[in-house]
Amino acid sequence: MQQSLTNPQTFSSLLNLSTSTLSLSLGKSTHALLLKTLPLIPSFLFTHLVTFYSKLNRTSTALSVLHLHPSPSVVSWTSLISGCSQNNRSLSCLRLFVQMVRGNVRPNEFTLPLVFKAAGKLEWWGFGRQVHGFGFKMGVLMNDLFVSRAALDMYFKTGFKADGYKLFDEMSNKNLVCWNAVISNLVQDGRLEDAINGFLELLKTGLRPDSASICAFLNACIHADCLSLGFQIHGFVMRFGLESNVLVGNTLVDFYSKCHEANYAHKLFDEMPVKNSVSWSSIVSALTQNGYEQEALNVFLNSQREGFELSEYMISSVLTACTDLSRLDLGRSIHAIAIKSRFDTNLHVSSALVNMYAKCGMISHAQQVFDEKPERNLFSFNAIIGAYSHYGDIKMVLYMFNLMLRDQNIVPNYITVVCVLTACSRAGLVKLGLGFFQIMKKKWGIEARVEHYACIVDLLGRAGQVERAYEIIKKMNIEPCVSIWGALLGACKMHGNVELGKIAGEKLYEMDPRDLGNHILVSNIFASAGRWTEATDARKVITETRSKKDPGYSWISYGNQIHVFQAKDKSHPIL
């Protein structure tokens, strides 16, 4: 027994056990016994001691042990830096690296990735770039894939992505992780064509894409509106048996949803062999966003029957579906579920609740939900301002807007201004509305969008200033859309301005020749002015283009289902 206590390998085993079990008392006891029994401590035991103390977040003790060694090795320094990294002490990692280099200890291929990781967490691009140069000078960076990948990750995390892309191009060895990192960051930067080309280059290397590669590519296709490419990658997924990967399945559902192919999304969801809570949330959101609100509610109910966990994202999507269907009864039930699940304080859920109650005619309930929020952000204020704007309550709109600016110090965005302009239009406050429109860029940095111009045209049109509205349209620095010309046409009908109504009607005909409503409105403007020949000509266009008016629908809620009817509809099974 006495002989085993003088064997350095015994202490090595004890220190390894102390480290793996995170036993501080055992490690300290071993350290004390080691000092007592060994007259000369071997270098490898110094490394074990440093590793033990650093892994247990005793950095100062580990550094003291390191300094007791007459010539600490790069392995000991790297162990100490690794322990700090594992305990999220990034600043200590960088300080220790500097001490190591000043002590003329040459870092190796295991040291540099730890330093790059720490620099990335602290977003210290300057320090990371110096280490990059140091590694390049040593000849380690370009020859070691592990080091190059860590440097690449550092550049992306610090926001200096151009340096990351340059490094990637210079790398002689690239693995799948590097390709995935570059493609994902290209998507985040909005360089969608480059991201798609990057994925195609990845295929040419012979590397087989994994779930991360597929998801990054699909996100590029979503933002680039490339449905055909998405179909192809779906075929690739099926060919290589990746359809069972739940992450890939969820991303495909999101892809088809964003491309307005809700039927494909629903079919894919039904065929997924493995589903999780994200899968259910994704399909509920997909159906809601594409106008299939009743189907979204049915899917939600099925998810609860199958016992899947609720999420804030799913609840906010279901509340949106309830809002679109005016299902106040179900919306209240979802509110109760949100309270029970403790999701009611979530900003997205509470904003959806405000919107639901306001759109369902319960503005007092919307205000109560807003008042009960423990914290408020821009989305919260946009929801309540939009609610009062929907009701045309300009007094409360301005009160909430001023509360947001003065008390909460929240800067409005373009949606906030749209809500305020809409309220001004409905209240007939031309001067106030134009004032907001003129200062929004200078004061809040908000560029005018088509939504803002549509509000201004509607504001002036309601006030009878149709000519002025037309002048604003002509001076727009962006192309007027259907909503802008539609607002002008409505104002011309209201105030009998035939000539401008004709211009607006022609523009709308160019944009959407099959919209029956616009043709009828133009014809009515001519008829009101007694210009029957032109009114008849406008009616003829309807016949020539075979324009159709979308039929109106009514619906009722019965038996926890929405039943939809058209006029004189006798096709429903209940009838």
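Definitions and cut-offs
- Residues numbered from 1 in each chain as written.
- Predicted model: local features only at pLDDT ≥ 70, side-chain atom pairs only at ≥ 80, totals over all residues.
- Heavy atoms only, no water.
- Helix = DSSP H or I, 4+ residues; strand = E, 2+ residues; numbered from the N terminus.
- Buried < 20%, exposed > 50% of the residue type's maximum accessible area, 1.4 Å probe, protein only.
- Contact = heavy atoms within 4.5 Å.
- Areas by Shrake-Rupley, 256 points an atom, 1.4 Å probe, with all protein chains shown as cover.
- Expected span 1.5 Å × (residues − 1).
- Core = buried A, V, L, I, M, F, W, Y, C linked by side-chain atoms within 4.5 Å.
- Axes fitted to C-alpha atoms, helices over the stretch in contact; angles between N-to-C directions.
- Parallel < 35°, antiparallel > 145°, perpendicular 65-115°, else oblique.
- Left-handed = near helix turned anticlockwise from the far one by under 90°.
- Nonpolar A, V, L, I, M, F, W, Y, C, P; charged D, E, K, R; others polar.

Moving on: the overall build of the protein. The secondary structure content of the protein amounts to 33 helices and two strands. Residue burial in the protein is summarised as follows: out of 575 residues, 46% are buried. The long-range share in the protein, meaning contacts at least 24 apart out of those at least 6 apart in sequence, stands at 60%. For the protein, the exposed surface amounts to about 29,500 Å²; the carbon and sulfur share of it is 53%.

Mapped onto the secondary structure, serine 279 falls in helix 18 (residues 277–289). If sequence neighbours within four positions are ignored, serine 279 has contacts with Val246, Asn250, Phe269 and Met272.

Assignment of secondary structure puts serine 285 in helix 18. With near-sequence residues (within four places) excluded, serine 285 lies in contact with Tyr313 and Ser317.

Here helix 6 (residues 74–86) is 13 residues long and its end C-alpha atoms lie 18 Å apart, about the 18 Å a rise of 1.5 Å per residue gives. Of all 13 residues that make up helix 6, eleven are buried, and the element is covered over most of its length. Turning to helix 6, its buried residues are Val74, Ser76, Trp77, Thr78, Ser79, Leu80, Ile81, Ser82, Gly83, Cys84 and Ser85. Close packing links the buried residues of helix 6 with helix 4 (43–55), helix 5 (59–68), helix 7 (90–102) and helix 8 (111–122). Backbone geometry just downstream of helix 6 places asparagine 88 in the positive-phi region, at approximately 60°.

Despite not being glycine, leucine 22 has its phi angle at roughly 55°, a positive value. Summarising the element assignment, leucine 22 is placed in the loop between helix 2 (8–21) and helix 3 (24–37). Accessibility expressed as a relative area gives 55% for leucine 22, which makes it exposed. One non-glycine residue, asparagine 88, lies in the positive phi region at around 60°. Mapped onto the fold, asparagine 88 is located in the loop between helix 6 and helix 7.

Moving on: the nonpolar core. Ranked by internal contacts, the top residues of the largest apolar core, which has 163 residues, are Ile214, Ile385 and Leu488. Look past the residues within four positions of leucine 488 in its chain and what remains in contact with it is Val457, Val466, Ala469, Tyr470, Ile473 and Ala504.

The next point concerns the packing of helix 2 against helix 3. At a minimum axis distance of 9 Å, the contact between helix 2 and helix 3 shows a crossing angle of 160°. In terms of axis orientation, helix 2 runs roughly antiparallel to helix 3. Relative to helix 3, helix 2 is oriented so that their crossing is left-handed. Between helix 2 and helix 3, the residues in contact are Phe11, Leu14, Leu15, Leu17 and Ser18 and Leu26, Gly27, Thr30, Leu33, Leu34 and Thr37, respectively. The residue inventory of the contact of helix 2 with helix 3, partitioned by class, reads seven nonpolar, four polar and no charged.

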